[in-house]
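Fold and contact review
The residues making up each chain are set out below.
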Amino acid sequence: MSRLEAKKPSFCRSEPLTSERVRATLSVLKGIVTSCYGPAGRLKQLHNGLGGSVCTTSQSAALLANLPVTHPILKILTTSVQNHVSCFSDGGLFTAILCCNLVENVQRIGLTPTTVIKLNKQLLSLCTSYLKSEACGCRIPVNFSSTQILLCLVRSILTSKPACMLTTKEIDHISTLILRAFLLIIPENAQDHIILGKSIIVPLKRQRVIESTVLPGILIEISEVQLMKILPIKKSDSFKVALFCVSLSGDLSDTGEGNVVVSYGVSLENAVLDQLLNLGRQLVSDHVDLVLCQKVIHPSLKQFLRTHHVIAVDRVGVAVMEPLSKVTGTRPIGSLDSISPSSYGSVKDLCTAKFGFKHFFHIIPNEATVCSLLLCNRNDTAWDELKTRSEPEGILRDDGCTQTELQLITEAFCSALESLAGSLEHDGGEVLTDGKYGHFWSVQADSPSVVNWPDVLSRCGCGLYSSQEELSWSFLRSARLPFVPQTCLPCEATDSAGNLTLDCFTAKLSGLQVAVETANLILDLAYVIEDKN
Amino acid sequence: MAAPGSVRAALQVAEVLETVVSCCLGPEGRQVLCTKPTGEVLLSRDGGRLLKALHLEHPIARMMVACVSSHIRKTGDGAKTFIIFLCHLLRELHAITDKEKDSFFSENIQTHGRHWKNCCQWKFISQALLTFQTQILDYVMDHYLSRHFLSIFSSSTKERPLCRSSLEMLLGAYFCGRVGRNNHNFVSQLMCDYFFKCTACESGCEEVLELVDDCFVELKVGVTGLPVSDSRIIAGLVLPRDFSVYCPADGDIRIVIVIETIQPPFSTFGSEFILNSEAQFRTSQFWITERTKAIMKYLQKQNVKLLLSTVKQPDLVIYCAGLNGISVVECLSSEELSLIQRVIGLAPFVLSQASSQYEPSNTAMVKFCKPFILRSKRYVHLGLISTCSFTPHCIVLCGPVQGLVEQHQDALHGAFKMLRQLFKDLDLNYVTQASDQNCTSSPLIYKNSRESNDLPEIVNGSIQRPYQDTVVKNKDELAKTQTYLKAYSNLVVPSVELETNILCSTPTVTLTATYQTDATLRCFSPNKARIMDDHEPFIESNSANSTTENTRREISYENLQVTKNARKGSILPVRDKSLEMCTSQSYCFSSVPAGCVLPVGGNFEILLHYYLLNYAKKCRQSEETMVSMIIANALLGVPKILYKSKKGNYSFPQIYIRALHALQTNQPMISNQTGLESVAGKYRLLTSVLQCLTNILTIDLVINIKRQPQEIYDQDSEEEL
């Protein structure tokens, strides 16, 4: 018998932000996330000293998930960043840094929270309306007929993750693969509302990165023993497929709530097996070439099918059921007795393949929007890092892609966010901004702090502008004249620039909003009540 | 360990609670972060939630929290004002007792005796409070306050067309106090849009509010990780699960609801299925398959395109549904089912009907049924065609963290509760006393009541009729009370105290005594009066003996029921009174009409304060004057906190003086705030606080029991004394 424990009273603290401890932890967190940000960001190693894996990362999702936070205020901050990342899988560090900065700055200014929250809201609405407006010069429309900009986007995301430990060549290879996988899942006959297909990521460790590849169709991993049993596949134009979601193992299905009494000598197993073999006969007479089953197929049925030159693959799992039925055009069969001919589907080709030390059964569809992305890497940590990085194409997918144009934002623009832009420079260098476009320029630390800027600077941070143009540079954080950014972006500039650094516009915009909202929430707190039970 | 219950202790507790809640009050209020041991964080400005999250230990504090939460459950608003008002009332009472303390000392009574005397004095005050609540408050509301009321309806015709701008002002003011500063405009706009989209016709407001209040959890979808500004309203119903089978369908879409598996089982519960041969097994399986197919075929013939099931259907059913072009949604919760049934009025499909050839009536039309993707999670989106005045819409609530989404959800739910209360008439009834004849009759009652102690059987028998439902419960307890009263009178208490005690409660006694109209019952009326009187000490005895909240709440609830009955009963004597001419009282019945509002910013409090002071001046009885003064002064506490941060012309004294001047010269009061609040809500709050205060005052002893809390609280805990 369980005893009722009296609840302990909660712990109540007023004005949580004023305490020194909170400020200290907040600035530590800020230090951690700031140093991770950008292509030149530093890696963090997380371990608990009691054994267990060591996580080496610089991305917010892995960092914040592994970082234990005790103070409720920090908990709010980190959960809000994590929620944002799970939505857009990009821009987590940006959100975290901006939020920390806002909270810290407000404390330094010493205004009342009421005023600050109002001001923040006002500034946020100014920023969002500017970013959404046509006048905004930092957006680049994506043209799906040319892969250049998309490739730049993928590459800049990969570049900002140093923990992947990829060489430039490998980055190029992987970003091409990711882009190809993304383009493969776009259906050919596009209507007004495009439903994108699915790309399945197949892990393959201890292989060279450069061996990663993209294949149309689905790869099903099978053991070597199973592979031996599969007969050589005969050449044909198309194969008829049956996909079962019901178990073919011969166990009795649910018998209801009452009792079932079986008389002596009656063998239900035999009856069910008979039923299974009947099913097999029907499949053979319907000229089915491939039988796939989510669950287990009875060995006798497997044997029977093999003798009739039907390939049987079982235990494919629930995860691939949906893509399988999409690829093959089958309807998952839930009956043992009679199968409607309309449930069968077909595939173009079948083959077995070996990648590394794993064997796969490869189903190649006629035309479908499903592809498999084989990702290889040398070690586990780097592979995990890489795997989570292949998600960004998910952003594009989740957005619905109703427009053929995706709005992208180039990095480092927004006068209110200058400290954030400053944090992109880690090598002790200085950050400059120009008076014409408001773009971001980085300088080596040891360069002479004098005169001829165009000699020192070659390209701006995003790579859109080169230093030939006559721009008036100034240090970020120094006093400078208010400037009006050039309104319209010349299209030729976009095309001519070779290597742009790009960011997803929707993720960034949402990150900006989430950061300001979270900061407002934290600033508005008057009490913290901790339930210690 | 026992500690004397005292106003001072209660005041200390209330002051601590006041500091916590007052920081969240009003438009300038701030947020509070609550963390749970499970690691969840919750943001809140909701007073009820905060008080619960504190897990208070102090018995009086726990009692206050219990009172607040029962009030919140009914009205959905006013937890913070509750605490502040209660605190100010206690402060006023404390001030008064402090003044009178000198006289106590001069009398030089023993300490123990003084404690009892104190208790009696508080009980005396609590009786006066009760009188105030039942008589003076309603009188003042009806006679003076009602002329200031505004209405959210644009005209007072039968249809009562709702004025959109008024509703916006009302909701704006409500959300000002409930959600974060940067979101309240957005949330109140969202709520307003939602309400008007859901209301098909003007007259169906109440039905819509009732349905939304009951099923709000099913009508919202929470999404984390997106900014709050992404929240929106979606036409139709969104169910948080994916289709088991989805077959795109256009045009005529019919749906059925099933509450059992379509595939017949081998055996049902409590029966046995005997298998004698393998052939029999095969045929029965064949029959099951054929039967399932037949049912699905039948459904297809009825043009059914969507099957909603409360249970998980077997693979065979899903497969057959897919073949017949029927989409399936499984595992609906009972709440979702009841919501759908309320909206479209569809009864579940009975499987045995499928074989018969009759045209079934258990299908309904929907506009559309399609998958809906929110943040890469799949939902089922149904365009139900409503048969009631509620047009189904869903709210998608977004926020960066779960805590914020929950806060908005709670605030919206509370707002619907508040509106629901607003759309009801509020009954007021009170007695205007023409003379003080009752006082002369009170000694008689007192004497009779002594006799009635010896005749508990008769007493119980005689009250059967007027109390109908409550009497069964109270029967035993009453008997106990009788004995208790005996013990009570044997105590150290001077008998004079007891007498005054009963004397002071005469207004209540006479009120209840007169409503029994039956001629046969009339002769027992002194007894009955006694019984009504008994309830007060009875409550006291219980509150003194048990420190547990549970029993407390139950008792106060019972007490409430009794007084409610008394009110209901009082409708009858109106015609009898003229015949018998036994009383010189006149009963008034009136009501605050539905939809009455006042501008925010302490208008209600200042108005009531002013009129109560006026009333107190006219009043002859000293205790009425005192209670009215106490309450009138305490009422000002809320506006004082609201205007605390304001300077100059908008500071509290300035506003107060202006308002009083306007009232004295009969000019309209000028309010500098845009926003409205419900009069009925304020009235209910006031009565709840007074009830809570009465309970606190009647406690004389707090006893700490060192036993583990038990699952079931036994009823006779008082016997352990």
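Residues numbered from 1 in each chain as written. Chains lettered and ligands numbered in written order. Predicted model: local features only at pLDDT ≥ 70, side-chain atom pairs only at ≥ 80, totals over all residues. Heavy atoms only, no water.

Labelled according to an unreviewed UniProt entry, chain B appears under the name BBSome complex assembly protein BBS10, originating from Balaenoptera physalus. According to its UniProt record, chain B has this under Subunit (unreviewed entry): "Component of a complex composed at least of MKKS, BBS10, BBS12, TCP1, CCT2, CCT3, CCT4, CCT5 and CCT8." (UniProt positions renumbered as here; feature names shortened; annotations may be inferred.)

Chain A goes by Molecular chaperone MKKS in an unreviewed UniProt entry, where it is assigned to Balaenoptera physalus. What UniProt states about chain A under its Sequence similarities (unreviewed entry) heading is, verbatim, "Belongs to the TCP-1 chaperonin family." What UniProt states about chain A under its Function (unreviewed entry) heading is, verbatim, "Probable molecular chaperone that assists the folding of proteins upon ATP hydrolysis. Plays a role in the assembly of BBSome, a complex involved in ciliogenesis regulating transports vesicles to the cilia. May play a role in protein processing in limb, cardiac and reproductive system development. May play a role in cytokinesis."

As a further point, take unusual backbone geometry. The backbone of His309 of chain A sits at a positive phi, close to 60°, despite the residue not being glycine. The class for His309 of chain A is exposed, based on a relative accessible area of 57%. The residue His55 of chain B is not glycine, and still its phi comes out positive at about 50°. Structurally, the position occupied by His55 of chain B is in the loop between helix H2 (47-53) and helix H3 (59-75). (Buried < 20%, exposed > 50% of the residue type's maximum accessible area, 1.4 Å probe, protein only. Helix = DSSP H or I, 4+ residues; strand = E, 2+ residues; numbered from the N terminus.)

Another aspect to go through is the confidence of the model for chain B. Residue and element names in this part refer to chain B. This prediction gives chain B a mean pLDDT of 72; 69% of its residues lie at or above 70. Every residue in residues 102-109 is under pLDDT 50, and counting partners more than four places away or in other chains gives eight contacts. Low confidence marks residues 434-584, where pLDDT is under 50. Its contacts with residues over four positions away, or in another chain, come to 168 contacts. Scoring the predicted complex yields pTM 0.75 and, for the interface, ipTM 0.77. (pLDDT = per-residue confidence, 0-100. Contact = heavy atoms within 4.5 Å.)

Regular strands show a simple pattern: their side chains alternate between the two faces of the sheet. Of all the six residues making up strand E21 (residues 525-530) of chain A, six are buried; the element is thus mostly covered by neighbouring parts of the structure. The pairing of strand E1 (residues 11-14) of chain A with E21 of chain A spans four bridges and is classified as antiparallel. By the bridge assignment for E21 of chain A, Arg13 of chain A is matched with Val528 of chain A. In this sheet, strand E2 (residues 31-35) of chain B lies alongside E21 of chain A in parallel orientation, the contact comprising five bridges. In the sheet register, Ile529 of chain A faces E2 of chain B, and the bridge partner there is Cys34 of chain B. (Pairing = 2+ DSSP bridges.)

All right, on to the packing of helix H6 (residues 148-159) of chain A against helix H7 (residues 168-184) of chain A then. All names here are of chain A. The contact between H6 and H7 brings their axes to 9 Å, and the two run at 125°. Considered as vectors, H6 and H7 are oriented oblique to each other. Once H6 is placed against H7, the crossing between them reads as right-handed. Taking contact as the criterion, the partners of Leu150, Leu151, Val154, Arg155, Leu158 and Thr159 in H6 are, on H7, Ile171, Asp172, Ile174, Ser175, Thr176, Ile178 and Leu179. (Axes fitted to C-alpha atoms, helices over the stretch in contact; angles between N-to-C directions. Parallel < 35°, antiparallel > 145°, perpendicular 65-115°, else oblique. Left-handed = near helix turned anticlockwise from the far one by under 90°.)

Note: α-helices contain 3.6 residues per turn, so residues at a spacing of three or four share the same orientation. Residues and elements named next belong to chain B. For H3, which comprises 17 residues, the first-to-last C-alpha distance of 25 Å matches the rise-based estimate of 24 Å (1.5 Å per residue) to within 8%. Within H3, twelve of the 17 residues are buried, which leaves it mostly tucked inside the rest of the structure. Among the residues making up H3, those that are buried are Ile60, Ala61, Met63, Met64, Val65, Ala66, Cys67, Val68, Ser69, His71, Ile72 and Thr75. Two residues or fewer after H3 comes Gly76, characterised by a positive phi angle close to 75°. (Expected span 1.5 Å × (residues − 1).)

Time to look at the domain arrangement of chain B. If you check the domain split of chain B, you get domain 1 (2-100 + 118-152 + 583-703) and domain 2 (237-391). The centre of domain 1 of chain B, based on its C-alpha atoms, is set 54 Å off from the matching centre of domain 2 of chain B. (Domains from an automatic or database assignment.)

A separate point is the nonpolar core. Residues and elements named next belong to chain B. Among the nonpolar cores identified, the biggest contains 97 residues, and Met64, Met141 and Ile631 are the most heavily contacted of them. In this structure Met64 touches Ala10, Val13, Ala14, Leu17, Leu86, Leu90, Cys692 and Ile696, once residues within four positions along its chain are discounted. Grouped together as the second largest cluster of nonpolar side chains are 75 residues, Ile233, Ile255, Phe423 and Val597 included. (Core = buried A, V, L, I, M, F, W, Y, C linked by side-chain atoms within 4.5 Å.)

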